[in-house]
Amino acid sequence: MEVVGRFAPSPSGRMHLGNLLSALLAWLDARSAGGRLILRVEDLDPDRCDQNKAAQLVDDLRWLGLDWDEGELEPDYCQSRRGRYYEAAFQKLREMGLVYPCYCTRAERLAASAPHSGEGEPVYSGRCARLTAEERLAFERAGRRPAWRVRVPDENLSVDDGHFGLYTQNLKRDCGDFIVRRSDGVWAYQLAVTVDDALMGVTHVVRGRDLLPSAPRQAWLCRTLGFEPPEYFHLPLLTDKAGRRLSKRDRDLDMGALRARYAPGELTGLLAWYAGLLPEPKSVEPKDLVPGFSWAKVPKNDIAVGCP
Ligand code: GLU
Ligand code: ZN
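What comes next is a walk through the structure. Everything quoted here is computed from the prediction, not taken from an experiment.

### Some points on the pairing of strand β8 (residues 156–161)
Side-chain alternation along β8 places Leu157, Val159 and Asp161 on a buried face and Asn156, Ser158 and Asp160 on a face that remains uncovered. Looking at chain direction, β8 and strand β9 (residues 165–170) are connected through six bridges and run antiparallel. The residue of β9 that forms the bridge with Ser158 is Thr168.

So, in structure tokens, the structure goes:
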């Protein structure tokens, strides 16, 4: 079967080293299998994303020397323009009796959460799953707009990650009924990403390990909607010397600073060295890395990059 990969960055700020590593590995994973690559813009959140940031992101990926076969800024590859697909999936879940309105405020949600699952995400208690019709009506009359949650099964579900191996969660216990649509109408990441990967025919999802805990949810949602889940390949996270995950807040490692400091080949070489694909950093083009690419070379532990 043809490999179809994707990178799916969010234009909520300038990309940083970690995003670039994900992009490079998604590119190598697809290209080394002779597959296709999609660039999808995950601009669901109107408060944080805009077209200028999306255009910047495309320019940054091109500068690094990456290419793709489909997507980019075309409307059908921007999540903000794909609401009709999410709506259709939502209706399908609704017909299956799997979604319900949650009227909890953020404070209530946190208070009603079970202790953290160990992955840093609060587990929703299912409080609003048990509301009576009268209770719902009372919330509506009080002007509360609900978020919508999907009811998850109380069973162990595994994904066989192509890099980290078997990863199992009990969705009820480890994640809880999760939000598929926010109270302000914005579609949730979990629903959008699942629907998009399925409809775009994505077979390989390559991304940072911070999203590994989302994989069982997405695989389950995908099957529930009648699709075959993709294969997942998560990669280790980049951290600073103190072991803290790099974030968009680290301005000295964002693309603005990196482009001023490195030539594209140097930065590609640095990323490839972090990923275990080169014995030392040197200037390379992405295509030079294709013949030697293997997931077996990529480390599993987080990678401390300090200040490169
Ligand atoms: N848009 C997400 C991000 O930039 C990635 C989603 C995914 O790869 O599933 O973090
Ligand atoms: Zn609730």
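### What about the packing of aromatic side chains?
Taken as a whole and assessed by the stated rule, the structure comprises nine aromatic pairs. Note on Phe90 and Trp148: the rings are 5.7 Å apart at their centroids and 85° apart in plane angle, and the pair reads as edge-to-face. Linking Phe90 in helix α3 (residues 83–95) with Trp148 in strand β7 (residues 147–150), this pair joins segments that are 58 residues apart in sequence. Its relative accessible area of 3% is what places Phe90 among the buried residues.

### Remarks on the packing of α3 against helix α7 (residues 189–199)
Direction vectors running N to C along α3 and α7 enclose 105°, while the axes themselves pass 10 Å from each other. Judged by the angle between their axes, α3 and α7 are roughly perpendicular. When α3 is examined against α7, the residues Tyr85, Tyr86, Ala89 and Leu93 are found in contact with a partner set consisting of Leu191, Ala192, Val195, Asp196 and Leu199.

### So, the site of ligand 1
Near ligand 1 you find Arg6, Ala8, Pro9, Ser10, Glu42, Tyr189, Val193, Arg207 and Leu211, and these make up its full shell. At 2.8 Å, a side-chain N or O of Tyr189 approaches an oxygen atom of ligand 1. Contact with the protein chains removes 79% of the 300 Å² of surface that ligand 1 exposes when unbound. The residue inventory of the shell around ligand 1, partitioned by class, reads five nonpolar, one polar and three charged.

### Remarks on the packing of helix α1 (residues 17–32) against helix α10 (residues 264–274)
In contact at an axis separation of 10 Å, α1 and α10 are set at 80° when each is read in the N-to-C sense. Classed by the angle they form, the pair α1 and α10 counts as roughly perpendicular. Of α10, the residues touching α1 (which contributes Leu17, Leu20, Leu21 and Leu24) are Leu267, Thr268, Leu271, Ala272 and Tyr274. When the residues that make up the contact of α1 with α10 are grouped by side-chain class, the tally is eight nonpolar, one polar and no charged.

### As for helix α8 (residues 215–224)
Counting buried positions over the 10 residues of α8 gives nine, a clear majority of the element. For α8, the set of buried residues is Ala215, Pro216, Arg217, Gln218, Ala219, Trp220, Leu221, Cys222 and Thr224. Where α8 terminates, the next one or two residues include Gly226, which has phi positive at roughly 95°.

Conventions and cut-offs
- Residues numbered from 1 in each chain as written.
- Chains lettered and ligands numbered in written order.
- Predicted model: local features only at pLDDT ≥ 70, side-chain atom pairs only at ≥ 80, totals over all residues.
- Heavy atoms only, no water.
- Buried < 20%, exposed > 50% of the residue type's maximum accessible area, 1.4 Å probe, protein only.
- Helix = DSSP H or I, 4+ residues; strand = E, 2+ residues; numbered from the N terminus.
- Pairing = 2+ DSSP bridges.
- Phe/Tyr/Trp six-rings, centres within 6.5 Å; stacked < 30°, edge-to-face > 60°.
- Axes fitted to C-alpha atoms, helices over the stretch in contact; angles between N-to-C directions.
- Parallel < 35°, antiparallel > 145°, perpendicular 65-115°, else oblique.
- Contact = heavy atoms within 4.5 Å.
- Near = heavy atom within 4 Å.
- Polar contact = N/O pair within 3.5 Å; in protein donor to acceptor, adjacent residues only side chain to side chain.
- Areas by Shrake-Rupley, 256 points an atom, 1.4 Å probe, with all protein chains shown as cover.
- Nonpolar A, V, L, I, M, F, W, Y, C, P; charged D, E, K, R; others polar.

Read these as geometric descriptors, not functional statements.
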